[in-house]
Amino acid sequence: MGGAAGVDGSFWRAIAVFRVGALCHAALAFAVADAYHRPVAGWFVIAVMALWTAVATVAYARSPGWSLLAVDLAVTLACLASSAYVYGSAGVSMPVTAAWVATPVLAWAVFGGRRAALVVAAVIIALDFALRGVAPGTINAAVLLLLAALTVGHVSRLARRAEERMRRAVRQEAAARERERLARGIHDSVLQVLALVQRRGSEIGGEAAELGRLAGEQERALRELVRGEPAGAGAGLADLGALLRGYGTARVTVSTAVAGVPMPADRAREVAAAVAAALDNVRRHAGDGARAWILVEADDGVVTVTVRDDGVGMPDDRLRQAAAEGRIGVAESIVGRIADLGGTVEVGSAPGGGVEIELSVPVHAASRPAGPRSRP
C-alpha cells in the first residue's frame, strides 16, 4: 500500500494541504491566546510543527512507509505533550497543536486502513485526556478523531478498489483491441487457407477429404478462439460449454447445459485445451470412422467433462507404456493441465470398447490432488 502514484498520491496531497491549514490554525490560535505561561516555548513548538510539516509533506510524497508513519506519530505526540510545559501550572485549555494533531490519524488511515487509524486515534485521545481531563471539549475532539479515522480509512479502501477496477477494465479493453487486430489478420490468412483446404479436400475426395474435414474442424475451433470469451458470461468468466461446442463436428457430439457452464476464463481455456488433446488422441488412435461424445456437467462447484469414443480402445497398461517410451501427450496435455487446475483425470478403456476420459475440475482455484487413474 502507499506510494505517491494514482489515488494514493491524491490522498497524500490532500493530507499535505490539511497539515498546512492546521498549522496555520494552530499558529493563529496561539498568537491570539494569552493563557500561556511560557510563550517562547510555545513558539518553538510551532516552529517544530512547521519544520515537520515540510519534511513530512516531501517524505510522504516520495515514499510513505511504516517507519515514516511511526516518526510522524512520535513527533505529533511530543508536540501535544509539550502543551503541559507551555501552559505551566494554569493547565492546558487548548493544546498548542490544535487541529494539527489529527494529521497522523489521516496518514495512518490512508496507509494502514481503518483499524490502524483507530489505534493511533486512541493513543492521541488518551494523551489529550491526560493533559486536559475528560470534558466536553476533549470528548468532542475524541469523537472527531475517531470519525476521521473511520471515514478516511474506509474511503481510501473504496478508492483503491475503484482504481483497481479501472486498471483491470483498461487492460481488458487493450486485450480486446489486440484480439480484434489478431482476428483480422487470422481471418485474412489462416482461416481463409483452412476454408480453402476444406473445400478442395471435399471436391477431391479420398484421403484429401479427410484432410479437408480436419481443416474444417480446426477452422471452427480457431474462430471460437479469436472470437474471445463468450458473451453473457460476465467479466473474467467464460462459458466452458460454448468453448467446447466449437469442437462439435459430424463425428464429435457435444452435450452441455443450455444455461451455460461459467467459470474463470483462464481455467475454462485450460479445460478446453485438455479436451482438444483428448479429441486429438481419438483422431490418431481410435481408428477410422470412430465417433466421440463430449458431455459437460456442473455440480456443487465442480465441472466434469467426459470425452468418450467408440474406437478400438487400449490395453490397461497403454498409458504407462507410452510414458516409458517418451510419449507423454496424455500425461502433459491432459493430466498436466488438469493437475495445475487442482482437478483429477480418470481414464477407462478396454480393447475394442473405446476410451472414456473423465476430467473433474473445481470451478475456482482449489488444492486437490490430480493424476490419471485407470478404471475398468
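Treat the numbers as computed from the prediction; the structure is a model and nothing was measured. (Residues numbered from 1 in each chain as written. Predicted model: local features only at pLDDT ≥ 70, side-chain atom pairs only at ≥ 80, totals over all residues. Heavy atoms only, no water.)

Asker: In this structure, what is going on with helix α11 (residues 265–285)? I would like to understand it.
Answerer: Owing to its 3.6 residues per turn, the α-helix aligns residues three or four sequence positions apart on the same side. With 21 residues, α11 extends 30 Å between its outermost C-alpha atoms, agreeing within 8% with the 30 Å of an ideal straight helix rising 1.5 Å per residue. Buried within α11 we find A265, R267, A268, V271, A272, A274, V275, A277, A278, L279 and V282. (Helix = DSSP H or I, 4+ residues; strand = E, 2+ residues; numbered from the N terminus. Expected span 1.5 Å × (residues − 1). Buried < 20%, exposed > 50% of the residue type's maximum accessible area, 1.4 Å probe, protein only.)

Asker: Just to check I follow, could you spell out the side chain of T103 for this structure?
Answerer: One can find T103 in helix α5 (residues 103–112). Once you skip the residues sitting within four places of it in the chain, T103 turns out to touch F18, R19 and T76. (Contact = heavy atoms within 4.5 Å.)

Asker: What is the right way to look at the packing of α5 against helix α6 (residues 114–132) in this model?
Answerer: Describing two packed helices takes the angle between their axes plus the distance from one axis to the other. With their axes 7 Å apart at the nearest point, α5 and α6 run at an angle of 160° to one another. Judged by the inter-axis angle, α5 sits roughly antiparallel to α6. As for how α5 packs across α6, the hand of that crossing is right-handed. Along its contact with α5, which presents P104, V105, W108, A109 and G112, the element α6 presents R114, A116, A117, V120, A121 and I124. For the contact of α5 with α6, the residue count by class is nine nonpolar, one polar and one charged. (Axes fitted to C-alpha atoms, helices over the stretch in contact; angles between N-to-C directions. Parallel < 35°, antiparallel > 145°, perpendicular 65-115°, else oblique. Left-handed = near helix turned anticlockwise from the far one by under 90°. Nonpolar A, V, L, I, M, F, W, Y, C, P; charged D, E, K, R; others polar.)

Asker: Sorry, what's going on with the pairing of strand β5 (residues 302–309) here?
Answerer: Walk down a regular strand and you will see the side chains alternate between the two sheet faces. By the criterion of burial, β5 is predominantly enclosed, with six of the eight residues buried. In the sheet, strand β4 (residues 292–299) pairs with β5 via eight bridges, with the strands oriented antiparallel. Across the sheet, residue I294 finds its bridge partner in β5, namely V307. By the bridge criterion, seven bridges tie β5 to strand β7 (residues 355–362) in an arrangement that is antiparallel. Within β7, the position partnered with V303 by the bridge is V361. (Pairing = 2+ DSSP bridges.)

Asker: Whenever I open this one, the pattern of salt bridges confuses me. Can you help?
Answerer: Charged atoms that come close allow side chains of opposite charge to pair. All told, the structure shown has 10 salt bridges when counted by the stated rule. Within this structure, E164, R168 and R171 form a network of salt bridges that share partners. (Salt bridge = Lys/Arg side-chain N within 4 Å of Asp/Glu carboxyl O.)

Asker: Can you help me understand the environment of T253 in this one?
Answerer: If you trace the backbone, T253 turns up in strand β2 (residues 252–255). A sequence separation of 40 residues divides T253 from W293, and the C-alpha atoms of the two residues are 4.8 Å apart. Excluding its chain neighbours within four sequence positions, the residues that come into contact with T253 are R291, A292, W293 and I294. One polar contact links T253 to R291, side chain to side chain, over a distance of 3.3 Å. (Polar contact = N/O pair within 3.5 Å; in protein donor to acceptor, adjacent residues only side chain to side chain.)

Asker: Please clarify how the packing of aromatic side chains should be interpreted in this entry.
Answerer: Two aromatic rings, taken as a pair, are described by how far apart their centres are and by the angle between their planes. This structure, assessed with the given rule, holds four aromatic pairs. The interplanar angle of 85° and the centroid separation of 4.9 Å between the aromatic rings of F30 and W43 together place this pair among those described as edge-to-face. Here F30, found in helix α1 (residues 6–32), pairs with W43, found in helix α2 (residues 39–62); they are 13 residues apart in sequence, far enough to count as distant. Take F30: its relative accessible area is 3%, and that puts it in the buried class. By relative accessible area, which is 41% here, W43 ends up partly exposed. An aromatic cluster of three or more residues is present, and its members are W66, W108 and F111. The aromatic ring of Y85 is capped on one face by R38, whose charged end is 4.1 Å from the ring centroid. (Phe/Tyr/Trp six-rings, centres within 6.5 Å; stacked < 30°, edge-to-face > 60°. Lys NZ or Arg CZ within 6 Å of the ring centre and 35° of its normal.)

Asker: What exactly am I supposed to notice about the packing of helix α3 (residues 66–81) against α6 here?
Answerer: Between α3 and α6, the least distance of the axes is 10 Å, while the angle of their chain directions is 15°. Between α3 and α6, the crossing angle belongs to the class labelled roughly parallel. Read as a crossing pair, α3 and α6 show a hand that is right-handed. On α6, the residues touching L73, L77, L80 and A81 of α3 are V120, V123, I124, L127, D128 and L131.

Asker: In this structure, what is going on with the confidence of the model for the chain? I would like to understand it.
Answerer: Predicted coordinates in areas of low pLDDT are best not read in detail. Here the chain shows a mean pLDDT of 81. Residues at 70 or above account for 84%. Below pLDDT 50 for its whole length, residues 229–235 participates in 10 contacts with residues either more than four positions away or in separate chains. Across residues 367–376, where pLDDT falls below 50, the model places 27 contacts with residues more than four positions away in sequence or in other chains. (pLDDT = per-residue confidence, 0-100.)

Asker: Please explain the side chain of T306 as it appears in this structure.
Answerer: Within the secondary structure, T306 sits in strand β5. Discounting residues that sit within four places of it in the chain, T306 has contacts with W293, I294, L295, E356, I357 and E358.

Asker: Looking at this structure, how should I read the pairing of strand β6 (residues 344–349)?
Answerer: Most of β6 sits inside the fold, with six of its six residues counted as buried. Both faces of β6 are covered, namely the face carrying T344, E346 and G348 and the face carrying V345, V347 and S349. The pairing of β6 with β7 spans six bridges and is antiparallel. Counterpart to G348 in the pairing with β7 is E356. Where β6 hands over to β7, the hairpin turn is made up of five residues, of which G352 adopts a positive phi near 80°.

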